[in-house]
Amino acid sequence: MEIGEEAEVEETLKRIQSHKGVIGTMVVNAEGIPIRTTLDNSTTVQYAGLLHHLTMKAKSTVRDIDPQNDLTFLRIRSKKHEIMVAPDKEYLLIVIQNPCE
Amino acid sequence: MEIVYVYVKKRSEFGKQCNFSDRQAELNIDIMPNPELAEQFVERNPVDTGIQCSVSMSEHEANTERFEMETRGVNHVEGGWPKDVNPLELEQTIRFRKKVEKDENYVNAIMQLGSIMEHCIKQNNAIDIYEEYFNDEEAVEVMEEAPSAKTINVFRDPQEIKRAATHLSWHPDGNRKLAVAYSCLDFQRAPVGMSSDSYIWDLENPNKPELALKPSSPLVTLEFNPKDSHVLLGGCYNGQIACWDTRKGSLVAELSTIEFSHRDPVYGTIWLQSKTGTECFSASTDGQVMWWDIRKMSEPTEVVIMDITKKEQLENALGAISLEFESTLPTKFMVGTEQGIIISCNRKAKTSAEKIVCTFPGHHGPVYALQRNPFYPKNFLTVGDWTARIWSEDSRESSIMWTKYHMAYLTDAAWSPTRPAVFFTTKMDGTLDIWDFVFKQCDPALSLKVCDEALFCLRVQDNGCLIACGSQLGTTTLLEVSPGLSTLQRNEKNVASSMFERETRREKILEARHREMRLKEKGKAEGRDEEQTDEDLAIDLEALVSKAEEEFFDIIFAELKKKEADAIKLTPMPQQPSPEEDQAVEEGEEAAGEGKSEEVEEDLA
């Protein structure tokens, strides 16, 4: 069962990476340790550190406005690409996509 | 010494109550007023006394010393691994990761997050929700707004003894940096202790220059190499050429030998387009234009003397104060001189005499700036005396367009790199004028007072939006112009080129007319007698003066004779026939008193 689920996890991450325009995918835990990443270590650690704080801030903002609300997703659109962060209690799933139009 | 007071009291009297008794007032001393003392005082009337009912307060100010702060960031290189895992050991990290991946929490979390993420990714791919709508139509709005410009930043010379900012150069890549050359151009009046440093400023940080360049003598001009942005070329006040590499530091990398350099401050240095990217040339008021290769700065590779009589005499040479070179016309260059003449030269001419192709009459004073129009290189802009003029290479007798005479001297000018009809000028009273001659021809489209002191130099950034101007106290101001003045208007190129052509044609017609008239005059003069022409030519001041003298004396003698005749009639008194000057003048004045004799007197005097 666990092994099957692990395979599913693998498959999910692989599928995300194969989508059009996706530059990199990474899974980071709350301490900034990259569990799974397709980019190099230094970039991943940089993203992890910076996005962790930003996600915490965004989450606290949402909850301050309405305590019953919660942050589900964070999207940062920049000139070059879009950074998408899906937060969890312990982990962060970060995907960098270049929406090519 | 101890002062001791012995207090004696009988023991039986201890604890006894005090008995107070009344007694009369005793007069101890009576000091009478002494009226004699009053003599020593003077009564003051009126007396100013301040009366205030409120609480007296005082005001104090305190200013803390300026605290210098620097912002630095810290970047983590490695995540927060638990104590038992050594991040450098690949095995341990892999083991840790595998352990996490087996964790149930992890699996559930990823499944859930994965599905949300996929949804958003697909969304992104389906529609670009952040695209720019109506991109094309924005161009129309821009034309309606009034031209404006605002100051973005000011860079002040950090030195205490202020020097003028004499030259500016933008960094070739991305224009994030500005090199400013500081020097004092007053002849031999540079204050003692003036630093000879010039700076490279980063636009983000106006408090402190990014790099200081330290030459042996102050720099008059400074240019970035357009091919290699680390290399800078500077022309010094003592005539030497210096070269820096910013990677190597602030000391001079290459310096030309003083024997072969210019003898006057170097007023123009420009990099040439060459395969090696190391060639440059410089001009100075000593009348020479020298070509250099920065790899070998001991000697110039070529020297041309700006002698328009084509005799290569340094004594006749005109001092060059501005230099122009356009990379699209690599063999031609132009020199603006101190005497006001503009010389167009060809570098590839066979003999040295042929290097000077033609001259333009220029201005009444030194030509401080010279630049070809980036869109129409046949037309160039010059600035000098109190006007700015636009010339065409075809019309050599006069400029095709010119501004009116201003109240202040013009110091520098530049074309806009994005609009062919726009140029900028700076003046000695600190104003920056922006001219747009498809919009208004008589006055600048926009006139801004940048600072109170004179502005010495001006440089436009390649995007046409940012302008940097340097002032007499070393303050460099960065201005941004409104987009209307920096984006190409719809029909502008055609309108500008047709204006240039029309004015060139007009000048050509005028030139032809002048030539015809001169020929006619020559023809008339040849028709007359030669002697007469000689006489006519010989009518100079002396002939006029002697003629006037004769007339004057004739009048005087006539009057004297009349007086003699009268005197003889009344009393026989001898009178001097030869008049002394003053007497004659007086009598002339009394007797004649007409406009003619006054004129004659003036001639004599």
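Residues numbered from 1 in each chain as written. Chains lettered and ligands numbered in written order. Predicted model: local features only at pLDDT ≥ 70, side-chain atom pairs only at ≥ 80, totals over all residues. Heavy atoms only, no water.

- With an unreviewed UniProt entry as reference, chain B is termed Dynein axonemal intermediate chain 2, source organism Colobus angolensis palliatus.
- Recorded in UniProt under Sequence similarities (unreviewed entry), the annotation for chain B is "Belongs to the dynein intermediate chain family."
- Per UniProt, chain B carries the Subunit (unreviewed entry) text "Consists of at least two heavy chains and a number of intermediate and light chains. Interacts with DNAAF2. Interacts with DNAAF6/PIH1D3. Interacts with HEATR2; probably involved in outer arm dynein assembly. Interacts with CFAP53." (UniProt positions renumbered as here; feature names shortened; annotations may be inferred.)

- Within an unreviewed UniProt entry, the label attached to chain A reads Dynein light chain roadblock, and the organism entered is Colobus angolensis palliatus.

### Here's the deal with the overall build of chain A
Turning to step 1, where the next piece is worked out: On a plain count of helices and strands, chain A comes out with 2 helices and 5 strands.
Turning to step 2, where the next piece is worked out: Sequence-ordered secondary structure for chain A, helices as α and strands as β, is α-β-β-α-β-β-β.
Turning to step 3, where the next piece is worked out: Counting all 101 residues of chain A, 40% fall into the buried class.
Turning to step 4, where the next piece is worked out: Restricting the contact set of chain A to residue pairs at least 6 apart, pairs at least 24 apart contribute 37%. (Helix = DSSP H or I, 4+ residues; strand = E, 2+ residues; numbered from the N terminus. Buried < 20%, exposed > 50% of the residue type's maximum accessible area, 1.4 Å probe, protein only. Contact = heavy atoms within 4.5 Å.)

### Regarding the sheet that holds strand β5 (residues 91-97) of chain A
All names here are of chain A.
Turning to step 1, where the next piece is worked out: Here we have 5 strands laid out as an open sheet, ordered β2-β1-β5-β4-β3, and antiparallel in their pairing. With partners counted over all chains shown, the strands left at the sheet margins are β2 (34-37) and β3 (74-77), one partner each. Sheet twist, expressed as the mean angle between neighbouring strand axes with direction ignored, is 15 degrees.
Turning to step 2, where the next piece is worked out: Bridge count for strand β1 (residues 22-29) against β2 is 3 bridges, and the pairing is antiparallel. (Pairing = 2+ DSSP bridges. Axes fitted to C-alpha atoms, helices over the stretch in contact; angles between N-to-C directions.)

### Notes on the pairing of strand β7 (residues 231-236) of chain B
Residue and element names in this part refer to chain B.
Turning to step 1, where the next piece is worked out: Judged by how many residues are buried, β7 sits mostly within the fold: 6 of 6 residues are covered.
Turning to step 2, where the next piece is worked out: Neither face of β7 is exposed, since Val231, Leu233 and Gly235 on one face and Leu232, Gly234 and Cys236 on the opposite face are all buried.
Turning to step 3, where the next piece is worked out: In the sheet, strand β6 (residues 219-224) pairs with β7 via 5 bridges, with the strands oriented antiparallel. Following the sheet pairing, Glu223 is matched in β7 by Leu233.
Turning to step 4, where the next piece is worked out: The turn linking β6 back onto β7 is made up of 6 residues.

### Examining the side chain of Asn373 of chain B
Residues and elements named next belong to chain B.
Turning to step 1, where the next piece is worked out: Looking at the element boundaries, Asn373 is found in the loop between β18 (367-372) and β19 (379-384).
Turning to step 2, where the next piece is worked out: Judged by relative accessible area, which is 0%, Asn373 ranks as buried.
Turning to step 3, where the next piece is worked out: Engagement of the side chain of Asn373 in a polar contact is seen with the backbone nitrogen of Phe375, the distance being 3.0 Å.
Turning to step 4, where the next piece is worked out: For Asn373, the residues in contact, after removing those within four places along its chain, are Asn379, Phe380, Trp415, Pro420 and Phe500. (Polar contact = N/O pair within 3.5 Å; in protein donor to acceptor, adjacent residues only side chain to side chain.)

### Re helix α8 (residues 541-570) of chain B
Turning to step 1, where the next piece is worked out: Helix length check: α8 of chain B (30 residues) gives 43 Å between terminal C-alpha atoms against 44 Å at 1.5 Å per residue, within 8%.
Turning to step 2, where the next piece is worked out: Listed in full, the buried residues belonging to α8 of chain B are Ala548, Phe552, Ile556 and Leu560 of chain B. (Expected span 1.5 Å × (residues − 1).)

### Focus on the interface of chain A and chain B
Turning to step 1, where the next piece is worked out: Residue-level contacts link 39 residues of chain A with 36 residues of chain B.
Turning to step 2, where the next piece is worked out: Approximately 3500 Å² of surface area, both sides summed, lies buried where chain A meets chain B, with 60% of it carried by carbon and sulfur atoms.
Turning to step 3, where the next piece is worked out: The largest share of the area that chain A buries against chain B comes from Ile35, Arg75 and Tyr91 of chain A, three residues that together contribute 17% of it.
Turning to step 4, where the next piece is worked out: The tally of links between chain A and chain B comes to 1 salt bridge. (Buried area = accessible area lost by both parts, 1.4 Å probe. Salt bridge = Lys/Arg side-chain N within 4 Å of Asp/Glu carboxyl O.)

### Side note on a negative patch on the surface
Turning to step 1, where the next piece is worked out: The grouping of Glu5, Glu8, Glu31 and Glu90 of chain A together with Asp103 and Glu104 of chain B at the surface amounts to a negative patch.
Turning to step 2, where the next piece is worked out: Looking at the secondary structure, you find Glu31 of chain A in the loop between β1 and β2. (Patch = residues over 30% accessible without salt bridge, like charges linked within 9 Å, V, L, I, M, F, W, Y side chains within 5 Å. Areas by Shrake-Rupley, 256 points an atom, 1.4 Å probe, with all protein chains shown as cover. Lys, Arg positive; Asp, Glu negative; His and termini not counted. Charge placed at Lys NZ, Arg CZ, Asp CG, Glu CD.)

### What about the side chain of Thr278 of chain B?
Residues and elements named next belong to chain B.
Turning to step 1, where the next piece is worked out: Considering the arrangement of structural elements, one finds Thr278 in the loop between β10 (266-271) and β11 (279-284).
Turning to step 2, where the next piece is worked out: By relative accessible area, Thr278 is classed as buried at 12%.
Turning to step 3, where the next piece is worked out: Here Thr276 takes part through its side chain, which lies 3.0 Å from a polar atom of the side chain of Thr278.
Turning to step 4, where the next piece is worked out: Reaching out from Thr278, the side chain makes a polar contact with the side chain of Asp293 at a distance of 3.1 Å.
Turning to step 5, where the next piece is worked out: For Thr278, the residues in contact, after removing those within four places along its chain, are Trp271, Trp292, Asp293, Ile294 and Arg295.

### Quick word on unusual backbone geometry
Peptide bonds are, in most cases, trans, and in most cases residues other than glycine have a negative phi.
Residue and element names in this part refer to chain B.
Turning to step 1, where the next piece is worked out: Asn45 connects to Pro46 through a cis peptide bond whose omega is 5 degrees.
Turning to step 2, where the next piece is worked out: Although it is not a glycine, Asp385 adopts a positive phi angle of roughly 40 degrees.
Turning to step 3, where the next piece is worked out: Structurally, Asp385 can be placed in the loop between β19 and β20 (387-392).

### Remarks on empty space enclosed by the protein
Residue and element names in this part refer to chain A.
Turning to step 1, where the next piece is worked out: Throughout the structure, instances matching the rule amount to 1 cavity of 30 Å³ or more.
Turning to step 2, where the next piece is worked out: In this structure, the largest cavity spans a volume of roughly 50 Å³.
Turning to step 3, where the next piece is worked out: Along its surface, the largest cavity is lined by Val28, Asn29, Ala30, His52, Thr55, Met56, Pro87, Asp88, Lys89, Glu90, Tyr91 and Leu92.
Turning to step 4, where the next piece is worked out: Secondary structure elements with two or more residues in the lining of the largest cavity: β1, α2 (41-65) and β5.
Turning to step 5, where the next piece is worked out: Residue contributions to the lining of the largest cavity peak at 3 residues, all from α2.
Turning to step 6, where the next piece is worked out: A per-class count over the lining of the largest cavity returns 6 nonpolar, 3 polar and 3 charged. (1 Å grid on protein atoms, 1.4 Å probe; cavity = no way out; pocket = protein on both sides within 12 Å on 5 of 7 lines; lining within 4 Å. Points joined across faces, edges and corners; volume = space filled by probe spheres on them. Nonpolar A, V, L, I, M, F, W, Y, C, P; charged D, E, K, R; others polar.)

### Some details on the sheet that holds strand β4 (residues 198-202) of chain B
All names here are of chain B.
Turning to step 1, where the next piece is worked out: The antiparallel open sheet is built from 4 strands, whose spatial order is β2-β3-β4-β5. The strands lining the two open edges of the sheet, one partner per strand, are β2 (164-170) and β5 (211-213). The average angle at which neighbouring strand axes cross in this sheet is 25 degrees, direction not considered.
Turning to step 2, where the next piece is worked out: Relative to strand β3 (residues 177-183), β2 runs antiparallel, the two being bridged by 6 bridges. Within β3, the residue paired with Trp170 across the bridge is Leu178.

### A closer look at a nonpolar patch on the surface
Turning to step 1, where the next piece is worked out: A cluster of nonpolar residues, Val4, Val6 and Val8 of chain B, forms a patch on the protein surface that exposes about 330 Å² of accessible area.
Turning to step 2, where the next piece is worked out: In this structure Val4 of chain B comes out as exposed when scored by relative accessible area, which is 59%.

### What about the environment of Asp245 of chain B?
Residue and element names in this part refer to chain B.
Turning to step 1, where the next piece is worked out: Along the chain, Asp245 falls in strand β8 (residues 241-245).
Turning to step 2, where the next piece is worked out: When the C-alpha positions of Asp245 and Leu213 are compared, they lie 9.8 Å apart, and in sequence the two are 32 residues distant.
Turning to step 3, where the next piece is worked out: In contact with Asp245, not counting residues within four places along its chain, are His230 and Ala253.
Turning to step 4, where the next piece is worked out: A polar contact is formed between the side chain of Asp245 and the backbone nitrogen of Arg247, at a distance of 3.0 Å.

### Focus: the nonpolar core
Turning to step 1, where the next piece is worked out: In this structure, Leu93 of chain A together with Tyr106 and Met117 of chain B are the most contacted members of the largest nonpolar core, which totals 25 residues.
Turning to step 2, where the next piece is worked out: Breaking this core down by element, the ones donating at least two residues are α1 (2-18), β1, β4 (82-87) and β5 of chain A together with α2 (90-102) and α3 (104-126) of chain B.
Turning to step 3, where the next piece is worked out: A total of 8 residues in this core trace back to one element, the largest contributor, which is α3 of chain B.
Turning to step 4, where the next piece is worked out: Other than its neighbours up to four places away in sequence, Leu93 of chain A contacts Leu13, Ile16, Thr25, Met26, Val27, Met84, Val85 and Ala86 of chain A together with Leu113, Gly114 and Met117 of chain B. (Core = buried A, V, L, I, M, F, W, Y, C linked by side-chain atoms within 4.5 Å.)

### With respect to the packing of aromatic side chains
Residues and elements named next belong to chain B.
Turning to step 1, where the next piece is worked out: A complete count under the given rule lists 22 aromatic pairs over all chains for this structure.
Turning to step 2, where the next piece is worked out: Taken together, a centroid distance of 5.3 Å and an interplanar angle of 50 degrees make the contact between Phe155 and Trp201 tilted. Here Phe155 is found in strand β1 (residues 149-155), whereas its partner Trp201 is found in strand β4, with 46 residues between them in sequence. Of the two residues, Phe155 and Trp201, neither departs from the other in class, the shared state being buried.
Turning to step 3, where the next piece is worked out: Arranged with centres 5.2 Å apart and planes meeting at 80 degrees, the rings of Trp291 and Phe333 form a pair that is edge-to-face. Here Phe333 lies in strand β15 (residues 332-337) and Trp291 lies in strand β12 (residues 288-293), a separation of 42 residues in the sequence. We note that Trp291, like Phe333, is buried.
Turning to step 4, where the next piece is worked out: Within the aromatic cluster, the residues linked to one another by ring pairs are Tyr376, Trp415, Phe423, Trp435, Phe437 and Phe500. (Phe/Tyr/Trp six-rings, centres within 6.5 Å; stacked < 30°, edge-to-face > 60°.)

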